[in-house]
Amino acid sequence: MEREIGAMAITAGYVATGEDLMWKVDDSIELYRVDRWGNGYFSINQSGNLTVKPRKDPDSEVDVMGIIRELEAAQVQFPLLLRFPQIIDDRLDEINGAFQESISEFRYIGRYQPVFPMKVNQRKEVIEYILRYGRKYNMGIEVGTKAELIGALSMNLPPESLIICNGYKDEGYLKLATSFQGMNNIIVVVDLFEELLDILEHSDGKVPQIGIRVKLFSKGSGRWAESGGESSKFGLSTGETLEVIRILSEKGHLDRLKMLHFHIGSQITDIRRIKEAMNEAARVYAKIKKVADVEYFNVGGGLSVDYDGSRTSEPSSANYNLREYSNDVVYTLQKICQEEGVSCPTIVSESGRAISAYHSFLVFKVIGKKNSRTLYLPYPHKGDSLQIEDLHFAFKTINIENYKEHYHDAVQLRSELFSAFNLGNIGLEERAKGETLFWMVCQKAAALARQAGDPAPEFAELKRLVSQKYIGNFSLFQSVPDMWGVEQIFPIMPLHRHREMPSVAGTIADITCDSDGEIKRFGGLRGPRECLEMHNLDGDYYMGIFLLGAYQDTLGDFHNLLGCVNEVHIVVDEGNWRICNTIPGDTCDKLLRFFNYDTDEFIRSIAARDIEDPERIAEELRVALQGYTYFNRGERRSDPDDSLTQAALYSEPVRT
Ligand SMILES: *Cc1c(COP(=O)(O)O)cnc(C)c1O
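Here goes a summary of the coordinates provided. Throughout this description, residue numbers start from 1 for each chain and increase along the sequence as written. For a predicted model such as this one, the threshold for reporting local features is a pLDDT of at least 70, and the threshold for listing and counting side-chain atom pairs is 80 or more; totals across whole chains, interfaces and linings nevertheless cover every residue. No hydrogens and no water enter the side-chain calculation; it runs on all heavy atoms of the structure.

Attention now moves to the overall build of the protein. Within the protein, the regular secondary structure consists of 24 helices and 24 strands. Seen along its three principal axes, the alpha-carbon backbone of the protein occupies a region of about 100 × 70 × 55 Å. Any residue under 20% of the maximum accessible area for its type is buried, any over 50% is exposed, and the rest in between are partly exposed; the area is computed with a 1.4 Å probe on protein chains only. Expressed as a percentage of its 656 residues, the buried residues of the protein come to 57%. In what follows, residue pairs with any heavy atoms lying within 4.5 Å of each other are defined as contacts. In the protein, 75% of the contacts between residues at least 6 apart in sequence involve partners at least 24 apart. Here the open area of atoms and residues is found with the Shrake-Rupley method and a 1.4 Å probe, where only the protein chains shown may cover a residue. By element, 50% of the accessible surface of the protein is carried by carbon and sulfur atoms, the whole surface being about 28,600 Å². Where helices and strands are cited, they refer to DSSP runs of H or I of at least four residues and of E of at least two residues respectively, numbered from the N terminus.

Have a look at this one:
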């Protein structure tokens, strides 16, 4: 009996209630709230695996573990990013659809035209997906720098699609915008008053189409509220706006004023802010429309994504849906234009997040745990102190009825043991035994408190104390920079084993050597939570971080020289999936060169050294340099190029 208990490995949260047997897929759906943040794109199937429905169509559902198995077989290395371009297609259909419906509902006499703000995701493949599918909606691009402008110009947009130029514009920027006027529908936005003079000076008489970004009194809500309002970095005051009109009129270029624009910030979580801004901006439009023939009214970005699924005005959420947003924009414009007796403009919106956030997620493996306390039950020996015996008794008899009492006793017993140690009455071994037993009682107590739904603060504290730290093979700084930079919450969950009860609560540390590289805030219905439920580690454990398609792709950095991850792009069609594109992640060599190391020279210098077997060392170096930057446990040859080409061979649909 004693031996049996002694050999039993105890992990956090372990309670032998047989409850695991009763855990159902629906329990996991509720726990991870995948239906709430997934927006119809993500769910869990009856096998307990995460599924993706890129078109929200039940016939296009794909089991992510099926994809992972194929990629493993093709030796693709993890972490990797999965992109589903069809999710972008669906977002474009939904956003455009919402505006079309609002336009017919309010009998708006005018059109809607979308523009993708390039700063949200500059990756060429992503821009191509957006523009290719968005062609039917005259999808355009908004840029904020010279390099972004050149990128946008290289995309060969159809003549109706807009290229909107924002940001600080030097002579080179303005000259490009002017020279490409004949080929593209370019609008140069005056963000700062002084820019108007530069625009007029550098345009050689061929004044480009001009937009004005107006500074509204109303500002956004949430984290980026400061982008709007009177103190915002960009935009013209009312006085400056009138001055621009006066100057353009005086120089005979008032006909070039084509667009009014405002942007009160990203991720506007409260619909009231949108209503306020729309009211103010529509009024400004109507007044200006009476003196200048402005064609476009650009409502900027800010359409929120509900990352935590709480549907509130919390920073990572939104208290409104897409249709409420489009209704507010269209209805307000319609009403105010009618009141003021002016014609309705073409509505332009620059939603970035809402278009691209959903389409990609990171898949990583858990490679171990930190401060792991998988323990074996020590049992008392003759001569052990009374406290050890009592702790042992507490561990054996703790249950849902008596856990409070036993927990309190354990706290007391531990402090008695510490005193005894300090007085020299017990030795190190006994102290260790006591600590272990105390820890094990805590784990059971925490699990029982969770089961009992005990809200007492002492048990919340206890939960933190016994929480585990899993190590995920990824870099937070590279793949989820906003989690670090602005403490944004992203959905995170295991990709499989959802028919099992997740018995471990903990956080996830990445493989950087930075204490900030840890996921310790998770979405919750009542505010952020400090732990995530996960399964005990038993074989490969795959987890996903979701909704990474906005801002994360290019904001990430190379902390600890961990580079871009492997990418696999997937198309799903009637339950069949296939890889439509693969992009190899960075090798060590690529990163070192990026930071000015001459790796060739290093290899040559090693080969030339007076050491034993320099050739072998040089060869090892060569292999390491060509390898992936992430943790690689297997003996497999680490050449992402090779493995991805292999994966790309799966061009035939794979039945799921
Ligand atoms: C950042 C930005 C956007 C995009 O905002 P989202 O919240 O991602 O929709 C749109 N327009 C301008 C001018 C921006 O600076």
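What follows covers the sheet that holds strand β2 (residues 42–44). Here a strand pair is declared whenever DSSP counts at least two bridges between the two strands. Here we have three strands laid out as an open sheet, ordered β2-β3-β4, and antiparallel in their pairing. In this open sheet, the two edge strands, each paired with only one partner strand, are β2 and β4 (62–63). The pairing of β2 with strand β3 (residues 50–52) spans three bridges and is antiparallel. Across the sheet, residue Ile44 finds its bridge partner in β3, namely Leu50.

Let us now look at the site of the ligand. Nearness here has a simple test: a residue counts as near a molecule or strand if at least one of its heavy atoms is within 4 Å of that partner. Near the ligand, the surroundings consist of 17 residues, among which Lys119, Ser266, Glu350, Gly352 and Tyr551 are the closest. The contact in question runs from an oxygen atom of the ligand to an N or O atom on the side chain of Lys119, over 2.6 Å. Here Gly352 contributes a backbone N or O atom positioned 2.8 Å from an oxygen atom of the ligand. Protein chains bury 93% of the 390 Å² of accessible surface belonging to the ligand in isolation. Points on a 1 Å grid, built from protein atoms alone, make a cavity when a 1.4 Å probe fits but cannot get out and make a pocket when they are open with protein on both sides within 12 Å along at least 5 of 7 lines; residues with an atom within 4 Å of a point are the lining residues. In this scheme, a molecule is assigned to a cavity or pocket if more than half of its atoms are within 2 Å of the grid points. Here the ligand is seated within the second largest pocket. Split by residue class, the shell around the ligand holds three nonpolar, nine polar and five charged. Whenever a nitrogen or oxygen atom comes within 3.5 Å of another N or O atom, the pair is scored as a polar contact, on the condition that within protein one atom can donate a hydrogen and the other can accept it, and that pairs from neighbouring residues in sequence are kept only if both atoms are in side chains. Three classes are used: nonpolar for Ala, Val, Leu, Ile, Met, Phe, Trp, Tyr, Cys and Pro, charged for Asp, Glu, Lys and Arg, and polar for all others, with Gly counted as polar.

For strand β16 (residues 468–472), a buried count of four out of five residues is recorded, marking the element as mostly surrounded by other parts of the structure. Of the strand pairs in this sheet, β16 and strand β18 (residues 504–509) are connected by four bridges, and their pairing is parallel. Looking at the pairing, Lys469 lines up with Thr507 of β18.

This paragraph deals with the pairing of strand β11 (residues 257–261). Here β11 lies mainly inside the structure; five of its five residues are buried. One ladder, built from four bridges, connects strand β10 (residues 209–213) with β11; its direction is parallel. Bridge pairing links Gly211 to Met259 in β11. Of the pairings in the sheet, the one linking β11 to strand β12 (residues 296–298) comprises three bridges and is parallel in character. Pairing of Met259 across the sheet is with Tyr296, part of β12.

Next up on the list: the nonpolar core. We call a set of buried residues a nonpolar core when its members are Ala, Val, Leu, Ile, Met, Phe, Trp, Tyr or Cys and they connect through side-chain atoms within 4.5 Å of each other. Formed by 150 residues in total, the largest nonpolar core has its most connected members in Phe42, Leu82, Phe84, Leu257, Phe262, Phe361 and Ile545. The dominant element in this core, judged by the number of residues it contributes, is helix α11 (residues 271–289), at nine residues. Judged by nonpolar contacts, the second largest core, of 26 residues, contains Leu377, Tyr403, Leu417 and Ala449.

Let's shift gears to the layout of surface pockets. Grid points are joined across faces, edges and corners, and a volume is the space filled by probe spheres set on the points. Each pocket or cavity is described by its volume, and for the second largest pocket that value is around 730 Å³. Residue lining of the second largest pocket: 33 residues in total, with Lys119, Glu142, Phe234, His263 and Tyr551 positioned closest to the centre. Those elements that provide at least two residues to the lining of the second largest pocket are β7 (140–143), α13 (353–356) and α20 (552–555). Residues belonging to the lining of the second largest pocket are distributed by class as follows: 10 nonpolar, 14 polar and nine charged.

This part covers the environment of Ser356. Structurally, the position occupied by Ser356 is in helix α13. On the basis of relative accessibility, which here comes to 0%, the residue Ser356 falls in the buried class. A C-alpha to C-alpha distance of 7.8 Å links Ser356 and Arg91, two positions 265 residues apart in sequence. When near neighbours in sequence (up to four residues on either side) are disregarded, Ser356 contacts Phe116, Val120, Gly549 and Ala550.

Turning our attention to the packing of aromatic side chains. Pairing of aromatic rings covers Phe, Tyr and the six-membered ring of Trp, with a centre-to-centre limit of 6.5 Å; geometry is then stacked below 30 degrees between planes, edge-to-face above 60, and tilted otherwise. Under the counting rule described, the total for this entry stands at 25 aromatic pairs. Centroid distance Tyr403 to Phe459: 5.4 Å. Interplanar angle 65°. Geometry classified as edge-to-face. Linking Tyr403 in helix α15 (residues 403–422) with Phe459 in helix α17 (residues 457–466), this pair joins segments that are 56 residues apart in sequence. Residue classification places Phe459 among the buried residues on the basis of a relative accessible area of 3%. Among the aromatic side chains, those forming a connected cluster through ring pairs are Trp37, Phe42, Phe84, Phe361 and Phe546. The cationic tip of Lys56 hangs over the ring face of Tyr41; the distance from NZ or CZ to the ring centre is 4.8 Å. Two conditions define a charge sitting above a ring: the NZ of Lys or the CZ of Arg must be within 6 Å of the ring centre, and it must be within 35 degrees of the ring normal.

Following Phe78, the chain continues into Pro79 via a peptide bond in cis, with omega recorded as 5°. Relative to the helices and strands, Pro79 resides in the loop between α4 (64–73) and β5 (80–83). Despite not being glycine, Arg497 shows a phi value in the positive range, around 65°.

Expected span of a helix, by definition, is 1.5 Å for each gap between consecutive residues, and there is one gap fewer than residues. Taking 1.5 Å of rise per residue, the 19 residues of helix α12 (residues 322–340) would be expected to cover 27 Å, and the 27 Å separating its terminal C-alpha atoms lies within 8% of that figure. A positive phi of about 65° marks Gly341, the residue just after α12.

Looking now at the pattern of salt bridges. Salt bridge, as used here: a side-chain nitrogen of Lys or Arg that lies within 4 Å of a carboxyl oxygen of Asp or Glu. A complete count under the given rule lists 40 salt bridges for this structure. For Lys56, the salt bridge identified is with Glu94, shortest N-O distance 2.8 Å. One end of the pair, Lys56, is in the loop between β3 and β4; the other, Glu94, is in helix α5 (residues 85–105), and 38 residues separate them in sequence. What makes Glu94 partly exposed here is its relative accessible area of 27%. Connected through shared salt-bridge partners, Arg83, Arg123, Glu125, Asp553 and Glu567 make up one network.

Strand order in this closed barrel of eight strands is β6-β7-β8-β9-β10-β11-β12-β13, and the pairing throughout is parallel. For this sheet the average axis-to-axis angle between neighbouring strands, irrespective of direction, equals 25°. Inspection of the sheet shows strand β9 (residues 185–190) paired to β10 by four bridges, in the parallel sense. Note on β10: the bridge partner recorded for Val189 is Gly211. Only the stretch in contact is used when fitting a helix axis, every axis being a line fitted to C-alpha atoms; angles between N-to-C directions are given from 0 to 180 degrees.

What follows covers a nonpolar patch on the surface. Grouping into patches uses exposed residues only, defined as over 30% relative accessible area, and leaves out salt-bridged ones; the cut-off is 9 Å for like charges and 5 Å for nonpolar side chains (Val, Leu, Ile, Met, Phe, Trp, Tyr). A cluster of nonpolar side chains, contributed by Leu561, Phe594, Phe595 and Tyr597, occupies part of the molecular surface with about 420 Å² of accessible area. Its location among the elements puts Phe594 in helix α21 (residues 588–594).

Here the focus is the packing of α11 against α12. Where α11 meets α12, the axes come as close as 9 Å, and the angle between the chain directions of the two elements is 30°. In terms of axis orientation, α11 runs roughly parallel to α12. Where α11 crosses over α12, the two elements pack in a sense that is right-handed. Counted together, Ile271, Ile274, Lys275, Met278, Asn279, Ala282, Arg283, Tyr285, Ala286 and Lys287 of α11 and Glu324, Tyr325, Asp328, Val329, Thr332, Leu333, Lys335, Ile336, Cys337, Glu339 and Glu340 of α12 form the full contact between these two elements. Of the residues that constitute the contact of α11 with α12, the class distribution is 11 nonpolar, two polar and eight charged. Orientation is classified from the angle alone, with under 35 degrees giving roughly parallel, over 145 giving roughly antiparallel, 65 to 115 giving roughly perpendicular, and any other angle giving oblique. If you view the pair so one helix is near and one far, a crossing is left-handed when the near helix is turned anticlockwise from the far one by less than a right angle, and right-handed when it is turned clockwise.

Keep in mind these values describe shape, not function.
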